[in-house]
Every structure is written in structure tokens, then in C-alpha cells.
Amino acid sequence: MEAVTMVNLTPEQKAATVVVSLGVDKASKVYKYLSEDEIEKLTLEVAKLGHVEAEQTEAILDEFYKTCLTQKVVTDGGLEYARTVLEKAFGESTANSLLQKVTQSLKSRSFGFIRKSDVKNLLSVLQHERAQIIALVLSYTNEEMAANIISELAPEKRMQVVEAIARMESASPEGIKIVEEEIKKRFSGILTTDYTSVGGIDYIANVMNHIDRGNEKLIFDELGRKDAELADTIRKKMFVFEDIITMDNRSIQRFIRECDMRDMVYALKNANEQITSVIFSNMSTRMKESIQSDMEVTVNVRLKDVEEAQQRIVGIIRRLEEEGELIISKGGKDDVIV
């Protein structure tokens, strides 16, 4: 079988590696706590896994141990206590990474019944609720669903919800329980609550990254008039098409390889000279000439098509960032995501 390396292992493959390492008896006990869907996916990954070198297995088990430890100290002592313990044990960078992963996992336990719904049904339940309630519920969904819901809200409420999410920091079990009781009349599921971070600047920035550029502009224009400082803070946490100029050449070359060239033609039709220059300088001469030629014959392009092409390219960049394939900078800081 082909050997695999740490850099190209997916989270699912890492889970399969842990299960294999446990042995049959212990692995069977783990399976008792999984749903049928989870068992099916995990078993498939185990079957496909192939050979993992001993060093890679050790690294994966170390990562798994740290994740388990993090979840325990978060549950026992809260986020700030966990941060102090983890920073002393592993350093600030590793602690931040572990906390981000585990708090996201804890969040997924609450409002799980909502994530099984579709946007249309969830919108029908939330659209007449107060902005603060909508903000709390959306903080427990994924960014794409939250973006779709926000885009469909009335303009005034849309602004209120964005602002409410941005200003959120934490929610108590009591507060979450009240909202769950209001919403669960139309949804079913197992409801649990945890103290964990919800909403906030980072979350709403990710939501805004998933909103179409037309609505993004409307929201920022309105929010900028109401609270320019908050709007600027959110924008600095986002990655938009214009931020390509902040990327290093290797990262630009990486995402270009993933892009549909038709999208690149449309995206550059409305791009400023600086972005165009940066992108062309990271292409082969042949590719550059081909795109320039296509741009010359591509006329009467709708702004909507240009924005959608730019959004798809941003989506590719964000996906590659999450996979560790490239680096992007946010907020003008020196820290990077690898």
C-alpha cells in the first residue's frame, strides 16, 4: 500500500489512524458512541487508509492526546483557565490552535437540530425573531448557512444581526436554554449547552466572507455609517479579492493553479491595476497572454458575473488556506496561517 504523510492526511484519515492504533477491542468500544453515519464514514476511511509510517502515527496520536486534554480543561475550568494551562504546557501558538479546534467542537453540541435544517426552513423560523436571538442562533450554525440567512433578511434587520453577532463574546447556558426553548417548538433534537465562545468579530468576518459581494457592500456601507470603527474591525478580519495583493508570490501561484481561467478573465475585468499586475506577474507568459486575449474579446460583462467570479476565486483561496496549502494575512498583523 502507498505510504501517506502528515501533510496530506485529512481529519477523517487522522481519525482512522487513531482507531487503527487503538486495536480491535478498544476501537469497538469507541464505535458504540458513534452514529450510523459516523461509523460508515470512519469505516470507509479505515479501509482506504493504507500504510502510515510509525513517525506519522505517533504525531497523529500526540495531536489527538492534546485535543482530548484541551477539551477536558475547557470543560473543567473554562476557556481562560484552559488557555493558561495550555500556554504553560505547549506555548501560546499551540494553545491557540488547540482552543480554536475544541471550542468549535463544543459549539457544535448546541443547536445541533438546526444544522440538520435547510436555509429555507430556518429562515421561516428566524426572520420574525429579535436580532439578538437570530444572532445567537446563527453563531451556532456554519458560516455558509449564516451568510445565506443574513442575505435573506430584511435590510434593517440584516444590519442589526451583523452588528449583534460582531459584539457577542459568550453566552451562558441559561441564555442559550431560553433561545432553544423558543426555537425547538419547530425543530427536534437533543439539546445541550456549554459555556463557550459564540459570535464575535472572527465569526462574523467568516460569515461576511461567504456573503455575495453585492450584499457585502450594502452591509458595510450601512454599518460604516452607523459604526465605522466596528465595520473597519470586521473588514480587517476578512479576506476579500482585493487582498490578493497582500499574499506572497508562492501562495498566489498556488491558487492560480486551482482557478477556472474563465473565472480569472471575468474577475480581472473589474480589478484594479495593482491586482492585475500581481496576478499576471505570477503566471507563465503563455497563460498571461491567453487571459489578456480573452479579456479583450470578453465584452458587455455584467457586474454580477464579475463579482461571482471574484467570490469563487476567494473561496478557492480560503479553502487552500484551511488546508495549509497557502498563507494569507489578515488585519495587517504579522501572524500567518499555515
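Within an unreviewed UniProt entry, the label attached to the chain reads Flagellar motor switch protein FliG, and the organism entered is Lacrimispora celerecrescens. Turning to the chain, the UniProt annotation filed under Sequence similarities (unreviewed entry) states: "Belongs to the FliG family."

Enquirer: I tried to follow helix 18 (residues 273–281) on my own but got confused; where do I start?
Expert: Think of an α-helix as turning once every 3.6 residues; residues three or four places apart then point the same way. Of all the residues in helix 18, the buried ones are Ile275, Thr276, Val278, Ile279 and Phe280. If you follow the buried residues of helix 18, they end up packed against helix 16 (249–258), helix 17 (261–269) and helix 19 (285–297). Between the side-chain oxygen of the N-cap and the backbone nitrogen of Gln274 there are 3.1 Å, and the N-cap of helix 18 in question is Asn272.

Enquirer: Would you mind showing me how to read the pattern of salt bridges here?
Expert: In total, this model carries 13 salt bridges according to the counting rule given. Residue Glu163 is joined to Lys226 by a salt bridge in which the shortest nitrogen-to-oxygen separation is 2.9 Å. Highlighted residues: Glu163 in helix 11 (residues 155–167) and Lys226 in helix 14 (residues 213–226), separated in sequence by 63 residues. Among the residues examined, Glu163 registers a relative accessible area of 13% and is labelled buried. Residue Glu258 pairs with Arg319 through a salt bridge whose shortest N-O separation is 3.2 Å.

Enquirer: Can you help me understand unusual backbone geometry in this one?
Expert: A negative phi angle characterises most non-glycine residues, just as the trans form characterises most peptide bonds. The backbone phi angle of Asn300 is positive, close to 55 degrees, even though this residue is not glycine. With respect to the secondary-structure elements, Asn300 resides in the loop between helix 19 and helix 20 (303–322). Using a relative accessible area of 78% as the deciding quantity, one classes Asn300 as exposed.

Enquirer: For this particular structure, what's the right way to read the nonpolar core?
Expert: Nonpolar side chains tend to gather and get buried jointly when the protein is soluble and globular. With 43 residues, the main nonpolar core has Leu138, Ile150, Ile204, Met208 and Ile234 as its most contacted residues. The element that contributes the greatest number of residues to this core is helix 9 (residues 131–138), accounting for seven residues. Built from parts of two domains, this core gets at least three residues from each of domain 3 (116–192) and domain 4 (206–238). Once you skip the residues sitting within four places of it in the chain, Met208 turns out to touch Val162, Glu216, Ile219, Phe220, Ile234 and Met238. Among the nonpolar cores identified, the runner-up in size contains 29 residues, and Ile244, Phe255, Leu268 and Ala271 belong to it.

Enquirer: How do you make sense of the packing of helix 9 against helix 11 when you look at a structure like this?
Expert: The relative placement of two packed helices is expressed as an angle between their axes plus a distance between the axes. In the contact formed by helix 9 and helix 11, the axes pass within 8 Å of each other and the chain directions differ by 55 degrees. Judged by the angle between their axes, helix 9 and helix 11 are oblique. Both helix 9 and helix 11 take part in a crossing whose hand is right-handed. Across the interface between the two elements, Ala131, Ile134, Ala135 and Leu138 from helix 9 touch Lys157, Gln160, Val161, Ala164 and Ile165 from helix 11. Per-class residue counts for the contact of helix 9 with helix 11 are seven nonpolar, one polar and one charged.

Enquirer: How do you make sense of the confidence of the model for the chain when you look at a structure like this?
Expert: Any region with low pLDDT has predicted coordinates that should not be read closely. Across the chain, the average pLDDT comes to 77, with 79% of residues at or above 70. Per-element averaging of pLDDT across the chain places strand 4 (residues 196–197) at the bottom with 46 and helix 18 at the top with 94. Segment residues 189–197 is flagged for pLDDT under 50; beyond a separation of four residues in sequence, or across chains, it makes 32 contacts in the model.

Enquirer: Looking at this structure, I do not really get the environment of Glu152. What am I missing?
Expert: With respect to the helices and strands, the residue Glu152 is situated in helix 10 (residues 143–152). Sequence-wise, Glu152 and Leu123 are 29 residues apart; in three dimensions their C-alpha atoms are separated by 7.8 Å.

What counts and what doesn't
- Residues numbered from 1 in each chain as written.
- Predicted model: local features only at pLDDT ≥ 70, side-chain atom pairs only at ≥ 80, totals over all residues.
- Heavy atoms only, no water.
- UniProt positions renumbered as here; feature names shortened; annotations may be inferred.
- Buried < 20%, exposed > 50% of the residue type's maximum accessible area, 1.4 Å probe, protein only.
- Helix = DSSP H or I, 4+ residues; strand = E, 2+ residues; numbered from the N terminus.
- Contact = heavy atoms within 4.5 Å.
- Polar contact = N/O pair within 3.5 Å; in protein donor to acceptor, adjacent residues only side chain to side chain.
- Salt bridge = Lys/Arg side-chain N within 4 Å of Asp/Glu carboxyl O.
- Core = buried A, V, L, I, M, F, W, Y, C linked by side-chain atoms within 4.5 Å.
- Domains from an automatic or database assignment.
- Axes fitted to C-alpha atoms, helices over the stretch in contact; angles between N-to-C directions.
- Parallel < 35°, antiparallel > 145°, perpendicular 65-115°, else oblique.
- Left-handed = near helix turned anticlockwise from the far one by under 90°.
- Nonpolar A, V, L, I, M, F, W, Y, C, P; charged D, E, K, R; others polar.
- pLDDT = per-residue confidence, 0-100.

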